[in-house]
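# Structural features, examined
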Amino acid sequence: IDIMPTVLRYLNFDKPFVGFGRNLFSKERPFALNYKDNVYQYFEGDYLLQFDGTMSVGLYNIKTDKLMSTNVLSDFPEVAGSMEQKLKALIQQYNNRMIADQLTVQ
C-alpha cells in the first residue's frame, strides 16, 4: 500500500488521492496494519498493538520480545491509548469510504 503514495509524490503529483499507505521518503513515522484471526494488529515503532474491534487486548514490544510472550498493555497505557486511537481512525476512515463508495477522489 506504500507504493502508490511513494510513486505519486516522486512524480510530484499534486492532486488529492486516497491512499492508506505512506510515501516511503517522507518523515512520517512508519506503521503497518493487518487483520488476523479476528484481531487487528497495528505496528508502530517498537510496539505491536492487538485490538479486537472493541478494545485493546495486547501490547508487545516486538524489538525485545519477538515471540510476543509478555503482554505489556497494563504497563504502557499511554502507548496503547495513542496506538489504539490511530488504529480506530484508520478503521473508521476505511469503513466510511467503503460504505459511501469514496475510495477515490471525485
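Summary of the structure given here. (Residues numbered from 1 in each chain as written. Predicted model: local features only at pLDDT ≥ 70, side-chain atom pairs only at ≥ 80, totals over all residues. Heavy atoms only, no water.)

## A word on unusual backbone geometry
- In this structure, asparagine 12 takes a positive phi of about 60° despite not being glycine.
- In this structure, asparagine 12 sits in the loop between helix H1 (3-10) and strand E1 (31-36).
- Relative accessible area serves as the criterion here: at 63%, asparagine 12 is assigned to the exposed category.
- Even without being glycine, aspartate 101 reaches a positive phi, approximately 50°.
- By the element assignment, aspartate 101 lies in the segment after helix H2 (77-99). (Helix = DSSP H or I, 4+ residues; strand = E, 2+ residues; numbered from the N terminus. Buried < 20%, exposed > 50% of the residue type's maximum accessible area, 1.4 Å probe, protein only.)

## Structural notes on the pairing of strand E4 (residues 56-61)
- Within E4, five of the six residues are buried, which leaves the element mostly enclosed by the surrounding structure.
- Bridge count between strand E3 (residues 47-51) and E4: five bridges; the pairing is antiparallel. Across the sheet, glutamine 50 pairs through a bridge with glycine 58, a residue of E4.
- Two successive antiparallel strands, E3 and E4, enclose a turn made up of four residues, where glycine 53 displays a positive phi of approximately 100°. (Pairing = 2+ DSSP bridges.)

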